[in-house]
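A closer look at the structure
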Amino acid sequence: MEDFGIYAVFGVNGPPQRLLSPEGSCRVCVAVPPCVRQVVLFSSGPWGERICVNAELDDADRFPITMGKLTPFNKCLSWEQWEEETWTDSVTLNVTLEGGNLVKADWSKAELLSVKEYTPKDIVAPLAARELNSKRKRERVSEEDSDENKLRTRGQQENVCPNGSVEKTTPVRKARGQTKGGQKLFRSEADATKTKGTANGAGEAQGIVGRTPPQSAARTKSRQAKTPTHTAPLVSPSGRWGQTLCPIDAQTAILIGGQGARMQFCKDPMWKLCTEDMSWFAAETLAEGPTPEARIGHTAVYDPDSRRIFVFGGSKNKKWFNDVHILDTQSWKWTMVEAQGKVPPLAYHSCSMFRGELFVLGGVFPCPNPEPDGCSDSLYIFDPNLSIWYQPIVTGNTPSPRSGHSACVMQERKIYVFGGWDTPVCYNDLYMLDLGLMEFSAVKTSGKAPSPRSWHGSAVLSQTKFLIHGGYNGNNALSDTFIFDIDTNSWTEVTLPQLCVPRAGHSIITMQTAGHRRFSGEDEDVDAGSVSRNLLVFGGGDNEGHFYSDLTTVAVEDLLAAI
């Protein structure tokens, strides 16, 4: 194995089988035997000028079940059937090499290889017994999953994408001590795999860059045309929800993770955004070290002092994470922290950076079967200097358990927590955590408050104001926008043409951009030479099976002027 090669292991007892070699094609398609429940893909030998290897498991209709990427810094991938809801029989493994001097090949003519059968010698009987036990165990797990689905009558699988058809209910604000009702907000994960396709609206609206959401009620199903999944390299991120967009300097932001059409995790999980010319660059292969596994519902926050991004938590199908990954934006190297202390696996939580520490509040955590997934009301703090988690002593009127809420750090001394949900209830209450006293208090507000929602976007506009936009209310994605003033404790609804598309699970940040778009009625004035602070809105979904890849910009001064 001294020459470069790409190898695969099919099943726990299979030998490595070479898929790509320097003398062969740069693409290969392998039929995975029906009995195989684990696949490991890895590289061996020097990479040279080769850039990466794209790999995906496809179903019988050539739609991806899961995907990943090998790089000179991430040389191994593994998949197991229990992690992937749509992994059945007739699965194929597609592997494509980018870069280097391998022979180019037409994908339509790629050879369909078969996996060599492998039976270890001298240990046939023990293996048969072990396989029989594994089969029985899988049958027991299948029966347990069936029983679990019967018990989950309240639809409390909170780790489910909201962007699909759901039963209509009317969420209400929950009072303390109120018993949860039997309403069902979300369909089961089995039904969730029937989501519709991505949004590919071709029109461009003012202040919007990239593929824009459809403006009519017409919906296009993703399975109208079954085309090969291997296309030209993307020049911008694919449509997604549940991602993070994290600014690292005045004109650069990093996009991490997300989930797109048919509940599939994005094949292009990491991008760099340059706001100087509003351009995107694929960034997964730029960083060394072990990259975080594909996920949604995670958080990513930037520490300007150490110039590092901290990624925490999230989920992937039935897997939940409580790991901490750090991206050093100076060396472009990933590291995974071996932290001390205890923190549960969490998704759809909030994470705020304060004086170099991560403040993690709420979120969904997995419960042992047959209990439904629960929501947390706890506050955990991570100290990067000591690599330790701890729980502070917090007093006052704490928020009830929730997930999908927002948290804004204001004036470096307060965190404002808004909304969220805990099945079957959505919230529109507002809490403030005094970071000096470590005391929570419910905020009494005036003005028209946002309706109950979760998975909305939020951003700090000034020292005294933050914004709430969009979200999901249990029935529909929302498009309204509100600004809260912490001096007067008042809400104000604002309306701008750029923020008219319903979406949830999107990302909102504020950054400097070159050029300034100011809307006044039907006219638009553009001063291309100026540099202004703008609100950037990316991605999300509309709860109708559409996932957006558009990037919308709104001048912060236009938002403040609309109050």
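The chain goes by Kelch repeat-containing protein in an unreviewed UniProt entry, where it is assigned to Cottoperca gobio.

On to the nonpolar core, then. Judged by nonpolar contacts, the single largest core of 26 residues is most densely connected at Leu41, Trp79, Leu93 and Val95. Other than its neighbours up to four places away in sequence, leucine 93 contacts Ala8, Phe10, Leu19, Val28, Cys29, Val30, Val32, Val39, Leu41, Glu56, Leu57 and Trp79. Core analysis: the next-biggest nonpolar cluster, separate from the first, contains 15 residues, Val301, Phe310, Val360 and Trp389 among them.

Our next topic: the sheet that holds strand E19 (residues 324–328). Sheets are built from strands paired through backbone hydrogen bonds, the pairs being either parallel or antiparallel. Spatially, E15-E16-E19-E20 is the arrangement adopted by the 4 strands of the open sheet, whose pairing is antiparallel. Lying at the two open borders of the sheet, with one neighbouring strand each, are strand E15 (299–303) and strand E20 (333–336). In this sheet, neighbouring strand axes are inclined to one another by 20° on average, regardless of whether the strands run parallel or antiparallel. Pairing between strand E16 (residues 308–312) and E19: 5 bridges, direction antiparallel. Across the sheet, the residue bridging to isoleucine 309 is leucine 327, located in E19.

Here we come to the pairing of strand E25 (residues 379–383). Here E25 lies mainly inside the structure; 5 of its 5 residues are buried. Going residue by residue along E25, you find Leu379, Ile381 and Asp383 tucked away on one face and Tyr380 and Phe382 tucked away on the opposite face as well. Inspection of the sheet shows strand E22 (residues 357–361) paired to E25 by 4 bridges, in the antiparallel sense. Within the sheet, the bridge partner assigned to leucine 361 lies in E25 and is leucine 379. As paired strands, E25 and strand E26 (residues 388–390) are joined by 3 bridges and run antiparallel to one another. Pairing of phenylalanine 382 across the sheet is with tryptophan 389, part of E26. Hairpin connection from E25 to E26: 4 residues lie between these consecutive antiparallel strands, with serine 387 at a positive phi of about 50°.

Turning next to the environment of serine 279. Summarising the element assignment, serine 279 is placed in strand E14 (residues 279–282). Remark: the alpha-carbon pair of serine 279 and threonine 252, spanning 27 residues in sequence, is separated by 10.0 Å. Contact partners of serine 279, with chain neighbours within four places excluded, come to Lys272, Leu273 and Cys274. A polar contact is formed between the side chain of serine 279 and the side chain of aspartate 277, at a distance of 2.6 Å.

Geometrically, the link from threonine 423 to proline 424 is a cis peptide bond, its omega value of 5° lying close to zero. Examined against the element boundaries, proline 424 turns out to sit in the loop between strand E30 (421–422) and strand E31 (425–426). The backbone phi angle of tyrosine 348 is positive, close to 60°, even though this residue is not glycine. Residue position: tyrosine 348 is located in the loop between E20 and strand E21 (350–354).

Looking at the element boundaries, arginine 262 is found in the loop between strand E12 (252–256) and strand E13 (270–274). The sequence separation of arginine 262 and isoleucine 65 amounts to 197 residues, and the corresponding C-alpha distance is 9.0 Å.

Below, the discussion takes up the side chain of histidine 469. Locating histidine 469 in the fold gives a position in strand E35 (residues 465–472). Exposure remark for histidine 469: the relative accessible area of 1% places this residue in the buried category. Polar side-chain contacts of histidine 469 include one of 2.9 Å to the side chain of threonine 481. Not counting chain neighbours up to four residues away, the residues in contact with histidine 469 comprise His456, Gly457, Ser479, Asp480, Thr481, Leu499, Val501, Arg503, His506 and Ile508.

About the thresholds
Each chain carries its own residue numbering, running from 1 in the written order of its sequence. Side-chain atom pairs in this predicted model are given and counted only at pLDDT of 80 or more, local residue features only at pLDDT of at least 70, and totals for whole chains, interfaces and linings cover all residues. Values shown for side chains rest on all heavy atoms present in the structure; no hydrogens or waters enter the calculation. Residues belong to one nonpolar core when they are buried, are Ala, Val, Leu, Ile, Met, Phe, Trp, Tyr or Cys, and are joined through side-chain atoms within 4.5 Å. Classification of residues uses two cut-offs on accessible area relative to the type maximum, computed with a 1.4 Å probe and protein chains only: under 20% is buried, over 50% is exposed, and between them is partly exposed. Contact definition: two residues touch when any of their heavy atoms are within 4.5 Å. If DSSP finds at least two bridges between two strands, the strands pair. Secondary structure follows DSSP: runs of H or I at least 4 residues long count as helices, runs of E at least 2 residues long count as strands, and numbering of each begins at the N terminus. The axes are straight lines fitted to the C-alpha atoms, using for helices just the contacting stretch, and the angles between their N-to-C directions are given from 0 to 180°. We call two N or O atoms a polar contact when they sit within 3.5 Å, provided that within protein one can donate a hydrogen and the other can accept it, with sequence-adjacent residues counted only if both atoms are side-chain atoms.

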